[in-house]
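Below, each chain spelled out in residue letters.
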Amino acid sequence: MEVKKLHRWDVDKDEGEKIQEQLRKKVIIKPIPKKINIVCGIDSSYKEDEIISCAVLCKYPELEIIDIVKIKGKTNFPYIKGLLAFREGENITKLIEKIEKDVDCFILNGHGIAHPKKIGLASHIGVLIEKPTIGCAKSLLYGNYSEPPSFPLSSTFIKDEEGEIIGHALRNYNNGIIFISPGHLIDLKDTLTITINCIKKEYSLPVPLYLAHINSKSAD
DNA sequence: GCGACAG
DNA sequence: ATCTTGTCGC
């Protein structure tokens, strides 16, 4: 599918932060307009100076695998808190360009608007592809939350410094907590609903994301 | 100055 | 993220 080229990727920290300020204005939080038929999990792994990104397309809500796409690239940008999009974004962008089918919602490993600048990896990628995206992470980057009750699928809000709700802390079946937030073209409610529908007892992460995580490690 | 801090 | 075996628990 098509990806907008709104900026360069060979930037430094300062340029990256400026780009974030521009892109954050384009982030739209609203309910998903159409029926969801295909969700796609995206995750990356690293091997020396290489990055491998993987996309797993699943039928929704059945979660049967429809397709798996991978791409390998070089890591140019270092890992800097809050700038993950500049480390993984270019490769993920090329990965998405290889996807043939029409994906209705993406789930990315990282945060959406639950980010100090309100533009985490999921929001950033969402703006470039103009499709609904959800950010899903195993730890919190920004915001405050209270511990969700200890039963599966219970959740609490993640709030920013002004008390604005920016995401959910969601309990999985393994007594762990994952942090989800809207990326782009989706709202808090749909983010929670779709994520919960993608969670199965066997895995700590939403199924499409778990599968992307596993597959990003095995090279082919 | 100290601590917090996606992958 | 990555370096890493067995092991405890549902």
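Owing to the predicted nature of the structure, the values given are computational and were not obtained by experimental measurement. (Residues numbered from 1 in each chain as written. Chains lettered and ligands numbered in written order. Predicted model: local features only at pLDDT ≥ 70, side-chain atom pairs only at ≥ 80, totals over all residues. Heavy atoms only, no water.)

K.L.:
Explain the overall build of chain A here, please?
P.N.:
For chain A, the helix and strand inventory stands at five helices and nine strands. Listing each helix as α and each strand as β along chain A from the N terminus yields α-β-β-β-α-β-α-β-β-β-β-β-α-α. For 220 residues, the compact-globule estimate of 2.2 N^0.38 gives 17 Å, and the C-alpha radius of gyration of chain A, at 16 Å, lies within 12% of that figure. By its C-alpha atoms, chain A is 45 × 40 × 35 Å across when sized along the principal axes. Going through the 220 residues of chain A one by one, you find that 53% of them count as buried. For chain A, long-range pairs separated by at least 24 residues make up 62% of all intrachain contacts whose partners lie at least 6 apart in sequence. About 10,400 Å² of surface is accessible on chain A, with carbon and sulfur atoms providing 50% of the total. Here chain A contributes 31 positively and 30 negatively charged side chains, and the mean placements of these two sets differ by 1 Å. (Helix = DSSP H or I, 4+ residues; strand = E, 2+ residues; numbered from the N terminus. Rg over C-alpha atoms; globule rule 2.2 N^0.38 Å. Buried < 20%, exposed > 50% of the residue type's maximum accessible area, 1.4 Å probe, protein only. Contact = heavy atoms within 4.5 Å. Areas by Shrake-Rupley, 256 points an atom, 1.4 Å probe, with all protein chains shown as cover. Lys, Arg positive; Asp, Glu negative; His and termini not counted. Charge placed at Lys NZ, Arg CZ, Asp CG, Glu CD.)

K.L.:
So what exactly am I meant to see when it comes to the side chain of threonine 133 here?
P.N.:
The residue threonine 133 is located in strand S5 (residues 133–137) in this model. Beyond its immediate sequence surroundings of up to four residues, threonine 133 is in contact with Phe106, Leu108, Ala122, Ser123, Gly126, Pro182, Gly183, His184 and Ile186.

K.L.:
It is not clear to me how helix H1 (residues 13–24) should be interpreted in this structure. Could you clarify?
P.N.:
Helix length check: H1 (12 residues) gives 16 Å between terminal C-alpha atoms against 16 Å at 1.5 Å per residue, within 8%. The N-capping residue of H1, defined by a side-chain oxygen 3.2 Å from the backbone nitrogen of aspartate 14, is aspartate 12. (Expected span 1.5 Å × (residues − 1). Polar contact = N/O pair within 3.5 Å; in protein donor to acceptor, adjacent residues only side chain to side chain.)

K.L.:
Is there a simple way to explain the pattern of salt bridges in this structure?
P.N.:
For side chains bearing opposite charge, pairing can occur when the charged atoms are close. Inspection of the entire model under this criterion finds 10 salt bridges. With its nearest N and O atoms 3.5 Å apart, the salt bridge here joins arginine 171 to glutamate 147. In this pair, arginine 171 is assigned in strand S8 (residues 165–171) and glutamate 147 in the loop between strand S6 (144–145) and strand S7 (155–159), connecting sequence segments 24 residues apart. Given a relative accessible area of 53%, glutamate 147 falls into the exposed group. (Salt bridge = Lys/Arg side-chain N within 4 Å of Asp/Glu carboxyl O.)

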